[in-house]
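A look at the structure
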Amino acid sequence: MNDFAALAVSIVGWVGAAASLGAYAMVTQRRIEPDSLLFQGLNIGGATALAVSASVNAAWPSAVANVVWVAIGVQGLLSVKRAVITRRARAAASRLARDLRHPVGLHRPVRRPAGPEGPAASRRPAAAPRSGRSRRPGGRTTVGTREVRATETGLRAAGTPGLTEKLVRV
């Protein structure tokens, strides 16, 4: 191997060592979380660079250990990815359930302070729409006692120009 290739492999090894040690230092100092994509990426990249450097220099125990480290990092990365997907799906389901319960923010239960009988006695059940939903000409809908007009950008309550809410598509 020529001098340039040896220098390049040595630099790759040092960069890998710095990445792995930096990731460990940041987790220890609580600058990043151990289940973050940054930590897993630094670990995988550092271990890959160290494995390449060790295998070129025929340091087989170190090369094998770093290949195993890469495998552990990939498994951790997939675990983080699954957790992120699950968290996003739950948040989306929660938003959808909330939007279906309160499409325009109407008829939300009002929290009152606890009375002399205690907090349970002061709770009032959510008010149901008095008149239900009825369609009117021009894309207008009556929900309870408030009139709501569907627009391209969302739902607009009558009498509140400029206040648009997210349109729930079912």
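Attention in this report is confined to the structure presented alongside it.

1. Describing the overall build of the protein chain
Check the secondary structure of the protein chain and you find four helices and five strands. Ordered by position in the sequence, the α and β elements of the protein chain form the string α-α-α-α-β-β-β-β-β. Of the contacts formed within the protein chain by residues at least 6 apart in sequence, a portion of 34% connects residues at least 24 apart. Split by element, the accessible area of the protein chain, about 12,300 Å² in all, is 61% carbon and sulfur.

2. Details of a nonpolar patch on the surface
A cluster of nonpolar residues, Met 1, Val 12, Val 52 and Val 56, forms a patch on the protein surface that exposes about 340 Å² of accessible area. Here Met 1 is to be found in the segment before helix 1 (3-28). Owing to a relative accessible area of 65%, Met 1 belongs among the exposed residues under this scheme.

3. Details of unusual backbone geometry
The phi dihedral of Arg 30 falls on the positive side, at around 60 degrees, and the residue is not glycine. Tracing the backbone shows Arg 30 in the loop between helix 1 and helix 2 (37-56). Relative accessible area serves as the criterion here: at 73%, Arg 30 is assigned to the exposed category. We note that Ala 58 has phi near 60 degrees; this positive angle belongs to a residue other than glycine. Relative to the assigned elements, Ala 58 resides in the loop between helix 2 and helix 3 (60-101). Since its relative accessible area comes to 47%, Ala 58 is described here as partly exposed.

4. Things to note about the packing of helix 1 against helix 2
Interaxial distance between helix 1 and helix 2 falls to 7 Å at its minimum, and their mutual angle equals 150 degrees. The orientation of helix 1 relative to helix 2 falls into the category roughly antiparallel. Between helix 1 and helix 2 lies a crossing whose hand is left-handed. Residues Val 9, Val 12, Gly 13, Gly 16, Ala 17, Ala 19, Ser 20, Ala 23, Tyr 24, Met 26 and Val 27 of helix 1 pack against Phe 39, Leu 42, Asn 43, Gly 46, Ala 47, Ala 49, Leu 50, Ser 53 and Val 56 of helix 2. Here the contact of helix 1 with helix 2 is built from residues that sort into 14 nonpolar, six polar and no charged.

5. A few points about helix 1
Each α-helix winds once per 3.6 residues, and so residues spaced three or four apart point in a common direction. Between the first and last C-alpha of helix 1 there are 37 Å, a value that for 26 residues agrees with the 38 Å anticipated at 1.5 Å per step. Where helix 1 is concerned, the buried positions are Val 9, Gly 13, Gly 16, Ala 17, Ala 19, Ser 20 and Ala 23. Check the buried side of helix 1 and you find it contacts helix 2. Looking at where helix 1 begins, the residue whose side-chain oxygen comes 3.4 Å from the main-chain nitrogen of Phe 4 is Asn 2. Within two residues after helix 1, Arg 30 carries a phi angle of roughly 60 degrees, on the positive side.

6. Thoughts on the packing of helix 2 against helix 3
Contact geometry of helix 2 with helix 3 gives a least axis separation of 8 Å together with a crossing angle of 160 degrees. Taken together, the axes of helix 2 and helix 3 are roughly antiparallel relative to one another. Both helix 2 and helix 3 take part in a crossing whose hand is left-handed. Contacts from Leu 37, Gln 40, Asn 43, Ile 44, Ala 47, Thr 48, Leu 50, Ala 51, Ala 54 and Ser 55 of helix 2 reach helix 3 at Trp 60, Ser 62, Ala 63, Asn 66, Val 67, Trp 69, Val 70, Gly 73, Val 74, Gly 76, Leu 77 and Val 80.

Rules and cut-offs
Residues numbered from 1 in each chain as written. Predicted model: local features only at pLDDT ≥ 70, side-chain atom pairs only at ≥ 80, totals over all residues. Heavy atoms only, no water. Helix = DSSP H or I, 4+ residues; strand = E, 2+ residues; numbered from the N terminus. Contact = heavy atoms within 4.5 Å. Areas by Shrake-Rupley, 256 points an atom, 1.4 Å probe, with all protein chains shown as cover. Patch = residues over 30% accessible without salt bridge, like charges linked within 9 Å, V, L, I, M, F, W, Y side chains within 5 Å. Salt bridge = Lys/Arg side-chain N within 4 Å of Asp/Glu carboxyl O. Buried < 20%, exposed > 50% of the residue type's maximum accessible area, 1.4 Å probe, protein only. Axes fitted to C-alpha atoms, helices over the stretch in contact; angles between N-to-C directions. Parallel < 35°, antiparallel > 145°, perpendicular 65-115°, else oblique. Left-handed = near helix turned anticlockwise from the far one by under 90°. Nonpolar A, V, L, I, M, F, W, Y, C, P; charged D, E, K, R; others polar. Expected span 1.5 Å × (residues − 1). Polar contact = N/O pair within 3.5 Å; in protein donor to acceptor, adjacent residues only side chain to side chain.

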